[in-house]
Structures are given as structure tokens and as C-alpha cells.
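Structural characterization, general
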Amino acid sequence: AQSVAQPEDQVNVAEGNPLTVKCTYSVSGNPYLFWYVQYPNRGLQFLLKYITGDNLVKGSYGFEAEFNKSQTSFHLKKPSALVSDSALYFCAGPNFNKFYFGSGTKLNVKP
Amino acid sequence: SQTIHQWPATLVQPVGSPLSLECTVEGTSNPNLYWYRQAAGRGLQLLFYSVGIGQISSEVPQNLSASRPQDRQFILSSKKLLLSDSGFYLCAWGRQGLNQPQHFGDGTRLSIL
């Protein structure tokens, strides 16, 4: 079965420090992986995707993600966190006409 | 550019009342359309999806139904709401293809009293 997992319910980081939000995947064949962000009372916004090619993918708002095939991971990263990055983050992958989403990780960036 | 509209933004309904939530997409044709429910600001539960007019796939048997009367219109309905139907309902659209992201509306917060 295709799936992604987000092992951390919550991540706390100080403003200006680097952040990492973790995601691991289990798919057959070549994985397609996505990251989304959700602010309170809003829909999910697409951040970035990995299809093939470079293992480091750059996306919106200064975020990037590193694909690691040996560790079956696709961690979301940002070199310097902002308080405004505080939100709920979802890792996801497609399965035919549907998407399967991780359980979400709440990122808290403290001033 | 493509946009997705979802309304209403918030809704308070009594138990046993009917429900109709509407979602429309502009700027694209023949999109895949999706209804999700999100409880307590966490995980997403896929309720229904549609790959074309009149084609509805149900993921979870429940008190809700969906319809797609037009190419870019997706409706979520219920004849009689239950307390357990409370939640945050999200509509999304996507194109065919594994490398295509989904795009979400801003959701409807449904409270059942």
C-alpha cells in the first residue's frame, strides 16, 4: 500500500533557527511526494513536490525538501524559521486519482 | 489562472436538518474534484471524489452524499445531519496525472447543534 508518515505531531523551533519537518514514505515504484501548509481556518496550500531528478527540491516561501531514497524520507526544511511559518504541515503522495496525506505536523516558531 | 470557491465559510445547523455545500472551480476543464473532512485541525479524511460529470466515488460509508451536476461544480449533501457530521469540510481540485498537486478551497466550518 502507498503511504506517508509524519512521525512528529508537533515541532517547536526558535525564530531564526533552521527547521525540519519529517516525512517518510512507503510506495512501490518511483515516488511522487508533495508538501502542503495549512494556516488556521484555511485550506491547504501546495508548497513543493518531488517527481524525479535533484534530491533537493525548492518551493514556496523559502522552503525546500530533501528526498532520500535509502532512508525513504522526504523532510521539509528551511534555513531560518519565521514566526509566520507557524502552521500545520502535511506530507502527501498520489495514488491513481487520489492523494494520501500524512497526519500532519504542527510547527510552532517562537520569537 | 485557476481558482476554487467554496461556500459558505461557516455554517451552524441543527441535528436532523439537511445540508448542501457547494464548490466550484474556474479556469480549468474536466478537473478531478474532491471532498475532505478535517476533524480538530488535524488529519484529512477523503469523503468523495469525482473524475467526471455524474461520476462519484465514495470513500467512507456515511450520512453524506456528493453530486457533480456540471463539469466544475461539486456538491456535498445530507438529508439529515448528525452531531458527528461537525467538522471542517474542504473541497479540492486536481488534474489527471501523478505529478499534479491538488488545490484546495478555504473550507466550510460546519457546527451541528
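So, here is what we can say about the structure in this document. Quick caveat, the model's predicted, so the values are computed rather than measured.

Parameters and conventions
Residues numbered from 1 in each chain as written. Chains lettered and ligands numbered in written order. Predicted model: local features only at pLDDT ≥ 70, side-chain atom pairs only at ≥ 80, totals over all residues. Heavy atoms only, no water. Salt bridge = Lys/Arg side-chain N within 4 Å of Asp/Glu carboxyl O. Helix = DSSP H or I, 4+ residues; strand = E, 2+ residues; numbered from the N terminus. Buried < 20%, exposed > 50% of the residue type's maximum accessible area, 1.4 Å probe, protein only. Contact = heavy atoms within 4.5 Å. Polar contact = N/O pair within 3.5 Å; in protein donor to acceptor, adjacent residues only side chain to side chain. Pairing = 2+ DSSP bridges.

Quick word on the pattern of salt bridges
- Scanning all chains against the criterion turns up eight salt bridges over all chains.
- With a closest N to O distance of 3.1 Å, Lys98 of chain A and Glu59 of chain B form a salt bridge. Taken together, the positions of Lys98 of chain A in strand β11 (residues 98-101) and Glu59 of chain B in the loop between β6 (55-58) and β7 (65-70) put the pair across two chains.
- Its relative accessible area of 33% is what places Glu59 of chain B among the partly exposed residues.
- When the shortest N-O distance is used, the salt bridge between Asp85 of chain B and Arg37 of chain B registers 3.8 Å. With Asp85 of chain B in the loop between β8 (73-78) and β9 (87-94) and Arg37 of chain B in strand β4 (residues 32-38), this pair connects stretches of sequence that are 48 residues apart.

Some words on the environment of Gln96 of chain B
- Turning to its location among the elements, Gln96 of chain B is positioned in the loop between β9 and β10 (102-104).
- Given a relative accessible area of 45%, Gln96 of chain B falls into the partly exposed group.
- Distance from Gln96 of chain B to Leu81 of chain B, taken between C-alpha atoms, is 33 Å for residues 15 residues apart in sequence.
- Not counting the four nearest positions on each side in its chain, Gln96 of chain B is found in contact with Asn97 of chain A together with Asn32 and Val51 of chain B.
- Only 2.9 Å separates the side chain of Gln96 of chain B from the side chain of Asn32 of chain B, close enough to count as a polar contact.

A word on the pairing of β8 of chain B
Residue and element names in this part refer to chain B.
- Most of β8 is tucked away: five of the six residues are buried.
- As defined by bridge partners, strand β3 (residues 19-26) adjoins β8 across six bridges and the pair is classed as antiparallel. Along β8, the bridge assignment pairs Leu21 with Leu76.
- In this sheet, β8 lies alongside β7 in antiparallel orientation, the contact comprising four bridges. From the neighbouring strand, Ser67 faces β8, where its bridge partner is Ile75.
- Turn length for the β7-β8 hairpin, with the two strands adjacent in sequence and antiparallel, is two residues.

Don't take any of this as a statement about function, it's just geometry.
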